[in-house]
Amino acid sequence: MTNSTEKIPVTILTGFLGAGKTTLLNNIVKKYSNKRFAVIENEFGEVGIDGGLIVGNIANMYELSNGCICCNLSDGLTQTLNNLLSSKYQFDNLLIETTGIADPAGVIDSFVGYEEFRQKFIIDSVICLADAQTYEDSAMEEPEVHRQLAVADIILLNKIEDVTPEYGEHIKKLIKTVNPTAKLFCVSHADISKVDIIDTFAYTATNIEKLVTDFTNATPLKFDMMDINNDVSFAKNPAKNNSFRHSIVSEGFTINGCLDEQKFVYWIQGVLQYNSANVFRIKGILSIAGKPKRLIFQSVRNFFLVEDGEEWLPNEQQFTKLVFIGKKLDRKAIQGYLESFVVK
């Protein structure tokens, strides 16, 4: 395992079948050649990373000539992580490539919901690769495509060279309706030579605070889905039907004043426990009565994390800002609950 006392950054790669995840993984390893990566692949052995000759192996763990360690998930993620940490191998970054049909929230849970892994690892970012050519068809047929996009911090629209510029803009608009808070880049052949995707630390309190502030201060993104659906004259290969639909929305809330901690925690635990199928991601800044600092909140599926942010300034108007990404979100009800938690 690594000798460093610092937490090991984790990058999670997701994307539907055929989007180019393994090519992306190889490009990451090549670009950041100064890193000692450990790579966990769900589809281990089918394509694999470009590492040349295997120079050693221990129980489903392979050290490659490029310095990377490659593992598979035959024993499950928890056991694989424990095997890595207890092994002789040295690594300072962890890359996890999920299967094309996986909901990455399950992988994220392991690093958010388990104290032993929170002490060892820190999530750097979740990167979703989308195929510009097949995104619309895949998104209509497979709900996992939307879930993958919804929890991502960085979205790479791949194979952009294979569609017209107009159709590329069309797809970007559709993606932004699913996750307007993620950074979106267009790439060809999963080329990230001009995109920084390692050491972005999108999950840190500082980045979450900036993202939430920018989102709630901006004019919300609005798209007329009917117009988008009907305007296919520019498409390279127009769909046979124009029934593209999704029910995912992003809702931002700003509440002035300080919240009652007990009431908020009780409520949010219930939301995540009983509505995890509909609430994909929450990010926010909390003002809690009696706390001198902003609290940075984020959740994926059932679990949530709260970290200390900056101290509130004297005489500063304290506030809570939260961004919900999910489906069937009742804006009026959420707003009402949050306002009811304000300490008078």
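Conventions used here
Residues numbered from 1 in each chain as written. Predicted model: local features only at pLDDT ≥ 70, side-chain atom pairs only at ≥ 80, totals over all residues. Heavy atoms only, no water. Helix = DSSP H or I, 4+ residues; strand = E, 2+ residues; numbered from the N terminus. Contact = heavy atoms within 4.5 Å. Areas by Shrake-Rupley, 256 points an atom, 1.4 Å probe, with all protein chains shown as cover. Buried < 20%, exposed > 50% of the residue type's maximum accessible area, 1.4 Å probe, protein only. Pairing = 2+ DSSP bridges. Salt bridge = Lys/Arg side-chain N within 4 Å of Asp/Glu carboxyl O. Phe/Tyr/Trp six-rings, centres within 6.5 Å; stacked < 30°, edge-to-face > 60°. Lys NZ or Arg CZ within 6 Å of the ring centre and 35° of its normal. Axes fitted to C-alpha atoms, helices over the stretch in contact; angles between N-to-C directions. pLDDT = per-residue confidence, 0-100.

Sorry if this is basic, but what is going on with the overall build of the protein here?
The helix and strand tally for the protein stands at 11 helices and 14 strands. Taking as baseline every contact in the protein between residues at least 6 positions apart, the subset at least 24 positions apart corresponds to 76%. Just so you have it, the protein exposes about 16,100 Å², and 49% of that area is on carbon and sulfur atoms.

Help me understand the pairing of strand E11 (residues 279-286) in this model?
As a general feature of sheets, a regular strand has side chains that alternate between the two faces. The buried count for E11 comes to 8 of 8 residues, which makes it a mostly enclosed element. Bridge analysis of E11 against strand E14 (residues 319-327) gives 6 bridges, and the strand direction is antiparallel. The partner of Ile-282 across the bridge, within E14, is Phe-324. One ladder, built from 6 bridges, connects E11 with strand E12 (residues 293-300); its direction is antiparallel. Bridged to Leu-286 within E12 is Leu-295. Taking the residues between adjacent antiparallel strands as the criterion, E11 and E12 are bridged by 6 residues, where Gly-290 takes a positive phi near 90°.

Would you take a moment to explain the pattern of salt bridges for this structure?
Two side chains of opposite charge can pair, provided their charged atoms sit close to one another. Going through the model one piece at a time under the given rule, you end up with 11 salt bridges. Two residues, Arg-118 and Glu-115, come together in a salt bridge whose shortest N-O distance is 2.4 Å. Of this pair, Arg-118 and Glu-115 both sit in helix H4 (residues 115-120), separated by 3 residues, roughly a single helical turn. Take Arg-118: its relative accessible area is 24%, and that puts it in the partly exposed class.

Just to check I follow, could you spell out the packing of aromatic side chains for this structure?
What characterises a pair of aromatic rings is the spacing of the ring centres plus the angle enclosed by the ring planes. Tallying each qualifying case throughout the model produces 10 aromatic pairs. Their ring planes at 85° and their centres at 5.6 Å tell us that Phe-253 and Phe-324 sit as a pair that is edge-to-face. One end of the pair, Phe-253, is in strand E10 (residues 248-256); the other, Phe-324, is in strand E14, with 71 residues separating them in the sequence. One exposure class covers both Phe-253 and Phe-324, and it is buried. Three or more aromatic residues link up through ring pairs in this structure, and these residues are Phe-264, Trp-267, Phe-297, Phe-304, Tyr-337 and Phe-341. The positively charged end of Arg-294 is found above the aromatic ring belonging to Trp-312, 4.5 Å away from the centroid. Geometry around Phe-319 places Lys-321 over its ring, the cationic atom sitting 5.1 Å from the centre.

I would appreciate a short explanation of the sheet that holds E14 in the present structure.
Pairing between sheet strands relies on hydrogen bonds along the backbone, with the strands arranged either parallel or antiparallel. One open sheet accounts for 5 strands, arranged E10-E14-E11-E12-E13; its pairing is antiparallel. In this open sheet, the two strands that pair with only one neighbour each are E10 and strand E13 (303-311). Each strand axis lies, on average, 10° off the axis of its neighbour in the sheet, ignoring direction. Taken together, the 7 bridges between E12 and E13 define a ladder with antiparallel strand orientation.

Teacher, can you tell me more about the pairing of strand E6 (residues 93-97) here?
Among the 5 residues that make up E6, 5 are buried, leaving the element largely enclosed by the rest of the structure. Alternating positions in E6 separate into two faces, Asn-93, Leu-95 and Glu-97 on one and Leu-94 and Ile-96 on the other, with burial throughout. Sheet topology note: the strand E2 (residues 37-41)/E6 ladder contains 5 bridges and is parallel. Among the inter-strand pairings, Phe-37 is bridged to a residue of E6, identified as Asn-93.

Teacher, can you tell me more about unusual backbone geometry here?
Most peptide bonds take the trans configuration, and most residues that are not glycine carry a negative phi. Despite not being glycine, Asp-199 shows a phi value in the positive range, around 60°. Relative to the elements of secondary structure, Asp-199 occurs in the loop between strand E9 (183-186) and helix H8 (205-217). Given the relative accessible area of 35%, Asp-199 is considered partly exposed. If you check the backbone angles, Phe-201 has positive phi at about 50° while not being a glycine. Structurally, Phe-201 can be placed in the loop between E9 and H8. Among the residues examined, Phe-201 registers a relative accessible area of 24% and is labelled partly exposed.

Even after reading the chapter, I still don't get the confidence of the model for the protein, so can you show me in this structure?
Any residue range with low pLDDT should be treated as having predicted coordinates unsuitable for detailed reading. Per-residue confidence for the protein gives a mean pLDDT of 80, with 80% of residues at or over 70. Under a pLDDT of 50 for its full length, residues 219-244 has, in the predicted model, 36 contacts with residues more than four places off or in other chains.

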